[in-house]
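For reference, the chains in residue letters:
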2 protein chains.
Amino acid sequence: VRALVFQDGLQFRTDYPLPRPGYNEALIRVLVAGICGTDLEVIRGYMTFHGVPGHEFVGVVEECGEEGLQGKRVVGEINLGCGVCAYCLKRMRNHCPNRSVLGILNKDGAFADYLTLPVRNLRPVPETVTEEEAVFVEPLAAAFEIIQQVSIRPQDRVCVLGDGRLGLLVGLVLSLTGCSLSVVGKHETKLAILEKRRIPVFMQSNFAEKEFDIVVDCTGSGSGFETARQLVRPRGTLVLKSTVAQRNGVDLNSLVIDEITVVGSRCGDFGSALRALNEGTVDVTPMISRSFPLEEGIKAFDYAASPGVLKVILKML
Amino acid sequence: VRALVFQDGLQFRTDYPLPRPGYNEALIRVLVAGICGTDLEVIRGYMTFHGVPGHEFVGVVEECGEEGLQGKRVVGEINLGCGVCAYCLKRMRNHCPNRSVLGILNKDGAFADYLTLPVRNLRPVPETVTEEEAVFVEPLAAAFEIIQQVSIRPQDRVCVLGDGRLGLLVGLVLSLTGCSLSVVGKHETKLAILEKRRIPVFMQSNFAEKEFDIVVDCTGSGSGFETARQLVRPRGTLVLKSTVAQRNGVDLNSLVIDEITVVGSRCGDFGSALRALNEGTVDVTPMISRSFPLEEGIKAFDYAASPGVLKVILKML
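Residues numbered from 1 in each chain as written. Chains lettered and ligands numbered in written order. Predicted model: local features only at pLDDT ≥ 70, side-chain atom pairs only at ≥ 80, totals over all residues. Heavy atoms only, no water.

## What about the packing of helix α4 (residues 137-149) of chain B against helix α5 (residues 165-175) of chain B?
All names here are of chain B.
Consideration 1: Running from N to C, α4 and α5 cross one another at 50°; their axes reach a closest spacing of 9 Å. In this view, α4 runs oblique relative to α5, as classed from their interaxial angle. Viewed along their axes, α4 and α5 form a crossing whose handedness is right-handed. In this structure, α4 uses P139, L140, A142, A143, F144, I146 and I147 to contact α5, whose residues at the interface are L166, L169, V170, V173 and L174.
Consideration 2: When the residues that make up the contact of α4 with α5 are grouped by side-chain class, the tally is 12 nonpolar, no polar and no charged. (Axes fitted to C-alpha atoms, helices over the stretch in contact; angles between N-to-C directions. Helix = DSSP H or I, 4+ residues; strand = E, 2+ residues; numbered from the N terminus. Parallel < 35°, antiparallel > 145°, perpendicular 65-115°, else oblique. Left-handed = near helix turned anticlockwise from the far one by under 90°. Contact = heavy atoms within 4.5 Å. Nonpolar A, V, L, I, M, F, W, Y, C, P; charged D, E, K, R; others polar.)

Quick look at the structure:
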């Protein structure tokens, strides 16, 4: 089958073996897949992953032990827990110490004609939600994870730092809480997506120090933590959303003096993201920059890495 | 009056001016005062403080606008807020951006015959509580601040790192929650104080990685954060209790991946500490290493800085 394979560089291959479903797994034909920042990191060596990258996808179930899912359009949670450790038993499979992760860690991913995933990872896509929308479920769930972890109330002053793919989704989700939201970014065209939703956006942070109750760092840059630290008030909360290769010096003493809470935040449950797309409370379509056929996957990766580009989608047909 | 004064080194003086109470302040004759780690930092230049250090004290109210406090034994909250900013109005005076702090920032402290404090900072000491006990109220309140900020439940596995003055108080307080507690230190004599209370203590951390729900760093050392990070489980909480001059490199990415919450924790409200001493739920007396008269203050500071020493108390009479 066709696949983008990362092994001494990224290659497009047409002779990749068809994956065989493991115990309790389904075989899924991929319809569309999204390229995200983590994928760009993976082909730079992150997680020393080798194989097929890609973890944002919509597919059709071709083989499956569960009748109800056969032929259905699905998305899939990307963490595969062992199923028997304390974390898996507590429904914290995302933190299973023996987990593999679709397209990121020990598991071939979505930039291919087919993939396999455990049946329990699959979520049917409601009929009203298009494939181009559903491919956002995984990063959208990561945005919803913030309000799963931190109670954000209507009177809170909240600042999102960063206008990349994740920053915009976080902005869209946090605006649902009714909080007093500000999003700070560096690209007028990206911020314009939020501006159309009447979310206050800023090209520079001219805020007073310690102005916000909650600050979310989605910058993906080494200086993001320090900027966030300056903006959050005493006893406020700083949400860390992105991993960063090189981080500037971190002043932990000021966290003690101002009694700041720092919350690390990663993947989220797909349920809330699917509901938001189904009910139309979050509109992700303005975030699609361009689609490529799978054959042009290498070109698509180059394009996704260029400045000002948001979501790039690979279409398998 | 007599005072220890820090100004080009620590000096004992007998000609220091009697402090005059400001608006809404009381004049307090100091009975006893405790030397804490912050005082040792102050005479090394921390906060570039000049004047009389000392912020743990018990005294008698000599002049006061409020009849009821006249002649009473009191302890005093050490943060002096401006009274009119958003933090002061929200009862978060400890975080007032214009605050002064007794013996630490722009306010003469307790290593003297007299000090002044706003009446609203004063708390009467119950008759059953001795002066040697009450001098622990300030650091004990800092220990109670942890359970004010973080819900610690009986089933939680909790680890306290550090067996200094603060680490022991935190151990004593957290044991009250009924949690499964372990305290890791480096001094057998210090840990013995907790061992007598049947609190499990360890000279080395031989725990499995990510074993604890909650880890409290009271080490005051550069490597404490990293050790704590290794011991806390995914989605667990790391409480940062001490400020550290030089910190080792901090890996914030692992906070994101394991979704750790880091909580900075500083001063606490005196009420719970006074209740604990009054009801005898916390026994601080084994932590007193030695008392000195005020005249021998410089010797007392040297002694407090030597290894294995816990609380050193200055007596004014």
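## Overview of the relation of the copies chain A and chain B
Two chain copies here: they are related by a rotation about an axis and a translation along the same axis.
Consideration 1: Here chain A sits on chain B after a turn of 180° about the axis and a move of 0.0 Å along it, with an RMSD of 0.0 Å. Here the symmetry operator amounts to a two-fold rotation axis. Closest to the rotation axis within chain A is the C-alpha of V262(A), separated from it by 2.4 Å.
Consideration 2: Both copies contact each other with a shared surface, as 100% of the interface residues of chain A are interface residues in chain B too. (Least-squares fit on C-alpha atoms with pLDDT ≥ 70 in both.)

## As for the interface of chain A and chain B
Consideration 1: Counting from both sides, the interface comprises 34 residues of chain A and, opposite them, 34 residues of chain B.
Consideration 2: Taking both partners together, chain A and chain B bury about 2900 Å²; carbon and sulfur atoms supply 54% of that area.
Consideration 3: On the surface where chain A and chain B come into contact, there are 2 salt bridges.
Consideration 4: R235(B) is paired through a salt bridge with E145(A); the nearest N and O atoms lie 3.5 Å apart.
Consideration 5: Scanning the region where chain A abuts chain B turns up 11 residue pairs in polar contact (both at pLDDT 80 or more).
Consideration 6: Taken together, the elements giving at least two residues each to the side of chain A that touches chain B come down to α4 (137-149), β14 (232-240), α8 (253-257) and β15 (261-264) of chain A.
Consideration 7: When the residues that make up the side of chain A that touches chain B are grouped by side-chain class, the tally is 16 nonpolar, 8 polar and 10 charged.
Consideration 8: Relative to strand β15 (residues 261-264) of chain B, β15(A) is paired through 3 bridges, and the arrangement is antiparallel. Bridged to V263(A) within β15(B) is T261(B). (Buried area = accessible area lost by both parts, 1.4 Å probe. Salt bridge = Lys/Arg side-chain N within 4 Å of Asp/Glu carboxyl O. Polar contact = N/O pair within 3.5 Å; in protein donor to acceptor, adjacent residues only side chain to side chain. Pairing = 2+ DSSP bridges.)

## Re the sheet that holds β15(B)
Consideration 1: Here we have 12 strands laid out as an open sheet, ordered β12(A)-β11(A)-β10(A)-β13(A)-β14(A)-β15(A)-β15(B)-β14(B)-β13(B)-β10(B)-β11(B)-β12(B), and mixed in their pairing. Because the sheet does not close on itself, it has two edges, and the strands there are β12 (201-202) of chain A together with β12 (201-202) of chain B.
Consideration 2: Relative to β12(B), strand β11 (residues 180-184) of chain B is paired through 2 bridges, and the arrangement is parallel. Bridge assignment links V183(B) to a residue of β12(B), and that residue is V201(B).

## Points about helix α6 (residues 188-195) of chain A
Residue and element names in this part refer to chain A.
Consideration 1: What α6 keeps buried is the set K190, L191, I193 and L194. Looking straight down α6, one finds that the buried residues subtend no more than 140° of arc, so they occupy a single side. Across from the buried face of α6, at angles greater than 90 degrees, the exposed residues are E188, T189 and E195.
Consideration 2: Along its buried surface, α6 packs onto α5 (165-175), β11 (180-184) and β12. (Buried < 20%, exposed > 50% of the residue type's maximum accessible area, 1.4 Å probe, protein only. Arc of directions from axis to C-beta.)

## Let's talk about the side chain of R266(A)
Consideration 1: Locating R266(A) in the fold gives a position in the loop between β15 and α9 (270-279).
Consideration 2: For the buried R266(A), no salt bridge exists, and the shortest N-O distance to an oppositely charged side chain is 5.5 Å, to E259(B).
Consideration 3: Within the structure, the side chain of R266(A) is placed 2.7 Å from the backbone oxygen of I257(B), a separation counted as a polar contact.
Consideration 4: Residue contacts for R266(A): discarding those within four places in its chain leaves N79(A), N94(A), H95(A), R99(A), A142(A), E145(A), K241(A), V256(B), I257(B) and E259(B). (Lys, Arg positive; Asp, Glu negative; His and termini not counted.)

## Things to note about the state of the cysteines
Residue and element names in this part refer to chain A.
Consideration 1: Going through the model one piece at a time under the given rule, you end up with 0 disulfides over all chains.
Consideration 2: Just so you know, C36 is unpaired, no disulfide at all, and the nearest cysteine sulfur is the one on C267, 9.7 Å from it.
Consideration 3: There is no disulfide at C88, and the cysteine sulfur nearest it, in C85, is 3.8 Å away. (Disulfide = S-S within 2.5 Å.)

## What to know about the environment of Y23(A)
All names here are of chain A.
Consideration 1: Considering the arrangement of structural elements, one finds Y23 in the loop between β2 (10-13) and β3 (25-35).
Consideration 2: For Y23, a relative accessible area of 77% corresponds to the exposed category.
Consideration 3: Sequence separation of Y23 and L117 is 94 residues, and the distance between their C-alpha atoms is 9.8 Å.

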